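Here are the chains, one letter per residue:
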Amino acid sequence: MMILSLNTQTVLAGLAIGLLVYYVIKRMRYRLPPGPWCIPLVGHYKVYTAADIHKKFYEISKVYGPVVRLSFGPIPVIVLNDIEVVLEAMVKKKADFAGRPKIKSGEVFSGGSKDIALSNYSPTWKCHRRVAGKALRYYLQGDLLEQMIQDNMNKFLDEMAREKDSFAFKDYVDLMVFHQLYTICFGEKRPVDDEEVKAILQLDTELNDYLAKGFLEDIIPYMERIYPTRQWQMFVNKMKQFFNFIREKFIQHKDTFDTGVRRDFIDSMLIARQEAENEGDEAVLEKLDDAYLIHTVADIFLAGVDTTRFTMDWFVYFMTRFPDIQSKCQEEIDREVGSERPSMKHRNKLHFLEACMFETMRLGGVVGIGVPHMSICDSQIGGYDIPKSTMVIINHWGLHHDPKYWKDPETFDPYRYLDENGEMKPAKPDSWLPFSAGRRVCLGEAVAKPEILLMCANLLQRFDIRLPDGVKPNLEYHILGFGVELPSEYKIVVQERIGN
Ligand code: HEM
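Observations concerning the coordination of the iron atom of the ligand
Ideal geometry at a metal centre gives angles of 109.5 degrees when four donors are arranged tetrahedrally and 90 or 180 degrees when six donors are arranged octahedrally. A lone protein donor binds the iron atom of the ligand: C442 (SG), at 2.3 Å. As for its placement among the helices and strands, C442 is situated in the loop between helix 18 (396-400) and helix 19 (445-462).

Written as structure tokens, this is what we have:
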């Protein structure tokens, strides 16, 4: 018995040493990026649990350089803090870093790799993204987008005009953007106080809160099976509710689908799938079953709504803090748009407004540390080796506050983007990257930019917006999670501008 137990111990100890030696030798093969020391398996606990994780990344990069190696629990993570290494990884290295890490919450979100945003790089993903991109491009044709924005905004601007006292702009913009995406995705125009839209907004807010707090299950995946946390159970439940809602809409669309009519994004997806069918593209057909299309709509909804509504909230926040800049935007709108409704044809004339939108996207950090990538093969960044299957994070906040590229990075300064004639410079500034770059660049960038610009133009054409009397124009914000910063709650007073 004694001999048996000794043998077992020896075997176990031998195994452990063997594994350690294997791990060390494997690591020695690579010239990994530098990073601070941490307790093995626990990792950089103070970093990955910090609300201001984006700032922690940035501070660490000041010591260790633009490519930093950290550990989230047992998971190795590479953080990129400078635009040069970001472009090297995401653009020059083509698909090397276009993967997505397998994270438990991501698996729930993507329905087990059936979406675009969180599924790993694969032939199915490429085909899925191609079809969804085509469907979105359809949507940008003609005046569909501007019509939808105008109809939708007018309802909300009329409501805002009726406010006699100060009010929270957030309450309006959240619903406004939700109604907008509702029309894009489902083709429905609903009344301002529609209960279904409010319920979905509420669900989205709750999902954001869960995601922002993070899950133990993402660090220790087997927790999910052994002893799932309450937070996890609630999240899974809410995600199910959300997918059921999208599924219902999708089925309604499929049942009433008419090939010749494109009512909305769901129809666009159905048409794109049908075109592939007509072209005999077997690869598309095999892959893009209904579950994939349902998850695409969910992606567009979740990826598109929050980024847009948070950006709008920041825009108004800055306009109230800098009334001179607001007036300059209005002068430009009056000059270029006059009493017409702002539309796509005015888009390239509203240079100052566009510069304000760019600056809002930089300083109002709604993307924080973005969506994590993963290396799909052994590769290099900045002269360091990055082994296959390593998580890679872009610190967008770091890029947007880097004094190497931005003079006075904390200052709201739209002039950075303008040339001596007051026109947008042809090239965007090097370190401006709210939509990311490369294979995983935001799929909605071409919709988001005109959508946000037209919303800002409609808003400032109709109203002077200011803070309530006696409120000091401070610049305060809070952190939602994942480095996403939002303006602290604020109220505004609006006054209709004469002639509009
Ligand atoms: C201000 C508005 C927006 C910002 C700042 C923004 C930013 C981003 C960022 C940073 C990513 C991650 C890119 C990466 O992995 O490196 C992303 C992905 C994505 N965005 Fe946006 N986004 C915005 C609006 C939208 C809209 C309106 C839509 C849809 C209509 C959309 C759809 C998507 C999708 C589908 C992905 C996943 C792409 C992929 O993984 O291949 N986004 N976005």
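Next comes the rest of the write-up.
Here's the deal with the site of the ligand
Lining the immediate surroundings of the ligand are 22 residues, of which R100, R129, H373, S436 and C442 lie closest. One of the backbone nitrogen or oxygen atoms of A117 is found 3.5 Å away from an oxygen atom of the ligand. Breaking the shell around the ligand down by element, the ones donating at least two residues are helix 6 (123-140), helix 15 (290-321) and helix 19. Ranked by residues supplied to the shell around the ligand, first place goes to helix 15 with five residues. Class assignment for the residues of the shell around the ligand results in 13 nonpolar, six polar and three charged.

Considerations on the nonpolar core
Core analysis: the biggest nonpolar cluster contains 109 residues, and M160, F186, F242, F301, L353 and L459 have the highest contact counts within it. Counting residues per element, this core draws most heavily on helix 15, which supplies 17 residues. Core analysis: the second largest hydrophobic core is formed by 17 residues, L80, I83, V85 and V392 among them.

Some details on the packing of helix 8 (residues 169-186) against helix 15
Packing of helix 8 against helix 15 brings their axes to within 9 Å, and their N-to-C directions diverge by 150°. In terms of their interaxial angle, helix 8 and helix 15 are classed as roughly antiparallel. At the point where helix 8 passes helix 15, the crossing takes the right-handed sense. Between helix 8 and helix 15, the contacting residues are F169, K170, V173, D174, V177, F178, L181, Y182, C185 and F186 on the first element and V297, I300, F301, V305, T308, R309, M312, D313 and V316 on the second.

Details of the side chain of E354
Position of E354 relative to the elements: it lies in helix 17 (residues 351-363). Buried charge E354 goes without a salt bridge, the closest partner of opposite sign being R347 at 4.9 Å.

A short note on the state of the cysteines
Considering all chains together, one arrives at zero disulfides under this definition. For C127, which is in no disulfide, the shortest distance to another cysteine sulfur is to C185 and amounts to 20 Å.

Topic: the pairing of strand 8 (residues 477-481)
Summarising the sheet, strand 8 and strand 9 (residues 484-487) pair through four bridges and their orientation is antiparallel. In the strand pairing of strand 9, H478 is matched with L486. What sits between strand 8 and strand 9 in their antiparallel hairpin is a turn of two residues, with F482 showing a positive phi close to 50°.

Structural notes on the sheet that holds strand 6 (residues 391-394)
If you walk across this open sheet you meet the four strands as 1-2-6-3, and the pairing is mixed. At either margin of the open sheet sits one strand with a lone partner, and together these are strand 1 (67-72) and strand 3 (373-374). Two elements, strand 2 (residues 75-80) and strand 6, share four bridges in a ladder whose sense is parallel. Each bridged residue has a counterpart across the sheet, and for L80 the counterpart in strand 6 is I394. Contacts from helix 3 (residues 53-64) reach strand 1, strand 2 and strand 6 within the one sheet, and its direction differs from that of strand 1 by about 130°. Taken strand by strand, helix 4 (residues 83-92) contacts strand 1, strand 2, strand 3 and strand 6, and its axis lies near 115° from that of strand 2.

Focus: the packing of aromatic side chains
By the definition in use, this model includes 30 aromatic pairs. When the ring of F215 is compared with that of F235, the centres are 4.6 Å apart and the planes differ by 40°; the resulting orientation is tilted. Within this pair, whereas F215 is found in the loop between helix 9 (195-213) and helix 10 (216-219), its partner F235 is found in helix 12 (residues 230-255), the two being separated by 20 residues in sequence. Classification of F215 as buried rests on a relative accessible area of 6%. Residue class for F235 comes out buried when judged on its relative accessible area of 0%. Here the aromatic rings of W314 and F318 are separated by 5.3 Å at their centres, their planes lie at 20°, and the arrangement is stacked.

Rules used throughout
Residues numbered from 1 in each chain as written. Predicted model: local features only at pLDDT ≥ 70, side-chain atom pairs only at ≥ 80, totals over all residues. Heavy atoms only, no water. Donors = N, O, S within 2.8 Å, 3.2 Å for Na, K, Ca; no water. Helix = DSSP H or I, 4+ residues; strand = E, 2+ residues; numbered from the N terminus. Near = heavy atom within 4 Å. Polar contact = N/O pair within 3.5 Å; in protein donor to acceptor, adjacent residues only side chain to side chain. Nonpolar A, V, L, I, M, F, W, Y, C, P; charged D, E, K, R; others polar. Core = buried A, V, L, I, M, F, W, Y, C linked by side-chain atoms within 4.5 Å. Buried < 20%, exposed > 50% of the residue type's maximum accessible area, 1.4 Å probe, protein only. Axes fitted to C-alpha atoms, helices over the stretch in contact; angles between N-to-C directions. Parallel < 35°, antiparallel > 145°, perpendicular 65-115°, else oblique. Left-handed = near helix turned anticlockwise from the far one by under 90°. Contact = heavy atoms within 4.5 Å. Lys, Arg positive; Asp, Glu negative; His and termini not counted. Salt bridge = Lys/Arg side-chain N within 4 Å of Asp/Glu carboxyl O. Disulfide = S-S within 2.5 Å. Pairing = 2+ DSSP bridges. Phe/Tyr/Trp six-rings, centres within 6.5 Å; stacked < 30°, edge-to-face > 60°.

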